[in-house]
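# Observations on the three-dimensional arrangement
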Amino acid sequence: MPISGLFGPNDFVTSDRGKPAVPARQPAAGSDPRGPALAWNGEVERATAHLYERVRGVIPPVEWPLMAPYVKAINELKAERGAVILAHNYQTPEIFHCVADITGDSLQLAIEASKVKADTIVQCGVHFMAETSKILNPDKRVLIPDSRAGCSLAASITGADVRLLRERFPGVPVVAYVNTSADVKAEVDICCTSSNALQVVESLDAPTVIFLPDQYLAKYVASQTRVKIIAWTGACEVHERFTGEELRAYRDADPTVQIIAHPECPPDVLAEADFTGSTAHMIKWVRDNRTRRVVMITECSMADNVQAELPDVEMVKPCNLCPHMKRITLQNIFESLLHLREEVVIDPGIAARARRSVERMINLKH
Ligand code: SF4
């Protein structure tokens, strides 16, 4: 069924809704003392040759000498520091395949991080992901190479907005997508990912649920359930750019092509797709089906990462890049490990309440 209501910041103009938390940038610590060592030479070429094999299909040979010195330095520094690097599926191939220890969607990363012995985590992804890692790993040092790596969804809503929604809809449970700040997670009943959103909504056993902040994911969930969904006006600036017309053009050009799309896309896009699923489910779909040509309707680095793993599948990439994800580079990962910055800090009271919402989701039976 369609969603039952759509609310946004303008519905609460008379109240102080606060501002989305924007972390302060930590100052850069001087010049890089290892700078002169980061040069391409025979030693770097030999030490990184096995890693280049993983990305040969998506990184041209002419670009590798610019990346390899950082890849080698990061891997050495990571071992020295006893750190672990988490990389989201939207990170570029040289990060995803050559320096990351754990890869996946935001939740997979945070859960896996809680199982490792390393006491320093470097999060290659956006700020809410680093916060989720800190929420689940409060005793570990969590670093993000550039804390300005935000997210249009996380920026669309504040904890104060959630409190105002609760006042307007007393007794209605609130589900927050993990693409939210710790401040928002602290105010809701339970979190969800794009993999488990439907299961989480139905687990509440309520006739109506407030689902925030992604209006498109909310519409997708509403189309799959009898639960009434009240949504928020947030949207992913990457996925909302796709159109149904664009997908029809791909199919007209090659009627055998398979189109797979992320549920953060608008409904007319999902209506044209052969499969809709989270990033983890999209990757599994490609691995399981191994069709000749796949159009992957999501952030385009993920198609590069899958292409590197499965060279026999031709990935068609409508190249919508997430500018926030692209703030993370080999250079700032290196600087982050070298200077142990920028550390993610969350008020302990907010972190404890946010942890309750995230853990309630994790503990749902699958
Ligand atoms: S791709 Fe969209 S949802 Fe993901 S971090 Fe970028 S803006 Fe946020």
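Further up the page is the structure itself.
Residues numbered from 1 in each chain as written. Predicted model: local features only at pLDDT ≥ 70, side-chain atom pairs only at ≥ 80, totals over all residues. Heavy atoms only, no water.

## Structural notes on helix α1 (residues 42–55)
Three- or four-residue spacings in an α-helix give side chains the same orientation, since the helix completes a turn every 3.6 residues. Taking 1.5 Å per residue, 14 residues should reach 20 Å; α1 reaches 19 Å between its end C-alpha atoms and fits that length. Along α1, the sharpest change in direction is near 55 degrees and occurs at Ala49. Turning to α1, its buried residues are Val44, Thr48, Leu51, Tyr52 and Val55. (Helix = DSSP H or I, 4+ residues; strand = E, 2+ residues; numbered from the N terminus. Expected span 1.5 Å × (residues − 1). Bend = angle between axes of the 7 residues up to and from the residue. Buried < 20%, exposed > 50% of the residue type's maximum accessible area, 1.4 Å probe, protein only.)

## So, the pattern of salt bridges
Within the structure shown, the criterion is met by 21 salt bridges. Of the charged contacts in the structure, one is a salt bridge between Arg251 and Asp274, with a shortest N-O distance of 3.2 Å. Of the two residues, Arg251 is situated in helix α10 (residues 244–253) and Asp274 in the loop between α11 (267–272) and β11 (275–276); the sequence distance between them amounts to 23 residues. Here Arg251 falls in the partly exposed class, since its relative accessible area comes to 21%. Given the relative accessible area of 39%, Asp274 is considered partly exposed. Ionic pairing is found between Arg290 and Asp312, a salt bridge with its closest N-O pair at 3.3 Å. Taken together, the residues span a long stretch of sequence, with Arg290 in the loop between α12 (279–289) and β12 (293–297) and Asp312 in the loop between α13 (300–309) and β13 (314–316) at a distance of 22 residues. According to the relative accessible area criterion, Arg290 is partly exposed, its value standing at 43%. (Salt bridge = Lys/Arg side-chain N within 4 Å of Asp/Glu carboxyl O.)

## Brief notes about the environment of Val316
Along the chain, the position of Val316 falls in strand β13. Placed 21 residues apart in sequence, Val316 and Val295 show a C-alpha to C-alpha distance of 4.6 Å. Discounting chain neighbours no more than four positions away, the residues touching Val316 are Tyr250, Arg293, Val294, Val295 and Met296. (Contact = heavy atoms within 4.5 Å.)

## Describing the packing of helix α2 (residues 64–81) against helix α14 (residues 330–339)
Two elements in contact, α2 and α14, have axes whose closest approach is 9 Å; the angle formed by their N-to-C orientations is 25 degrees. If you check the angle between α2 and α14, you find them roughly parallel. Taken as a pair, α2 and α14 cross one another with a handedness that is left-handed. In this structure, α2 contributes Met67, Tyr70, Val71, Ala73, Ile74, Leu77, Lys78 and Arg81 to the contact, and α14 contributes Leu330, Gln331, Ile333, Phe334, Leu337, Leu338 and His339. For the contact of α2 with α14, the per-class residue count stands at eleven nonpolar, two polar and two charged. (Axes fitted to C-alpha atoms, helices over the stretch in contact; angles between N-to-C directions. Parallel < 35°, antiparallel > 145°, perpendicular 65-115°, else oblique. Left-handed = near helix turned anticlockwise from the far one by under 90°. Nonpolar A, V, L, I, M, F, W, Y, C, P; charged D, E, K, R; others polar.)

## As for the site of the ligand
Inspection of the region around the ligand gives Tyr90, Val126, Cys151, Ser152, Leu153, Asn179, Cys236, Val238, Glu264, Cys322 and His324 as its neighbouring residues. A breakdown of the residues in the shell around the ligand according to their chemical character gives seven nonpolar, three polar and one charged. (Near = heavy atom within 4 Å.)

## Thoughts on the packing of aromatic side chains
A full pass over the atoms with the stated rule returns four aromatic pairs. With centroids separated by 5.0 Å and ring planes inclined at 35 degrees, the aromatic side chains of Tyr52 and Trp64 adopt a geometry described as tilted. In this pair, Tyr52 is assigned in helix α1 and Trp64 in helix α2, connecting sequence segments twelve residues apart. Relative to Phe334, the ring of Tyr70 lies with its centre 6.0 Å away and its plane at 75 degrees, an arrangement referred to as edge-to-face. Remark: Phe334 occurs in helix α14 and Tyr70 occurs in helix α2; sequence separation between them is 264 residues. (Phe/Tyr/Trp six-rings, centres within 6.5 Å; stacked < 30°, edge-to-face > 60°.)

## Quick look at the pairing of strand β2 (residues 83–88)
Within β2, six of the six residues are buried, which leaves the element mostly enclosed by the surrounding structure. Here β2 shows two buried faces, one formed by Ala83, Ile85 and Ala87 and the other by Val84, Leu86 and His88. Taken together, the five bridges between β2 and strand β4 (residues 120–124) define a ladder with parallel strand orientation. Residue pairing in the sheet places Ile85 in a bridge with Val122 of β4. (Pairing = 2+ DSSP bridges.)

## A closer look at the nonpolar core
By size, the foremost hydrophobic cluster in this structure holds 99 residues, and its most contacted members are Phe211 and Val286. Other than its neighbours up to four places away in sequence, Phe211 contacts Val175, Cys192, Ala197, Val201, Leu217, Ala218, Val221, Ile229, Ile230, Ala231 and Trp232. One finds Phe7, Val188, Leu212 and Trp232 within the second-largest nonpolar core, a separate group that totals 16 residues. (Core = buried A, V, L, I, M, F, W, Y, C linked by side-chain atoms within 4.5 Å.)

## Considering helix α6 (residues 159–168)
Within the span of α6, buried status applies to Gly159, Ala160, Asp161, Val162, Leu164 and Leu165. Buried positions along α6 lie against β1 (5–7), β6 (174–177), α7 (182–185), β8 (208–212) and β9 (228–232). A side-chain oxygen of the first residue of α6 lies 3.3 Å from the backbone nitrogen of Ala160; this N-cap is Thr158. (Polar contact = N/O pair within 3.5 Å; in protein donor to acceptor, adjacent residues only side chain to side chain.)

## Concerning the state of the cysteines
A disulfide bridge is the covalent bond that connects two cysteines by way of their sulfur atoms. Counted under the stated rule, the structure contains zero disulfides. The thiol of Cys98 is not disulfide-bonded; the next cysteine sulfur, from Cys124, is found 12 Å away. Cysteine Cys265 is unpaired, with the sulfur of Cys236 as its nearest cysteine sulfur at 8.0 Å. (Disulfide = S-S within 2.5 Å.)

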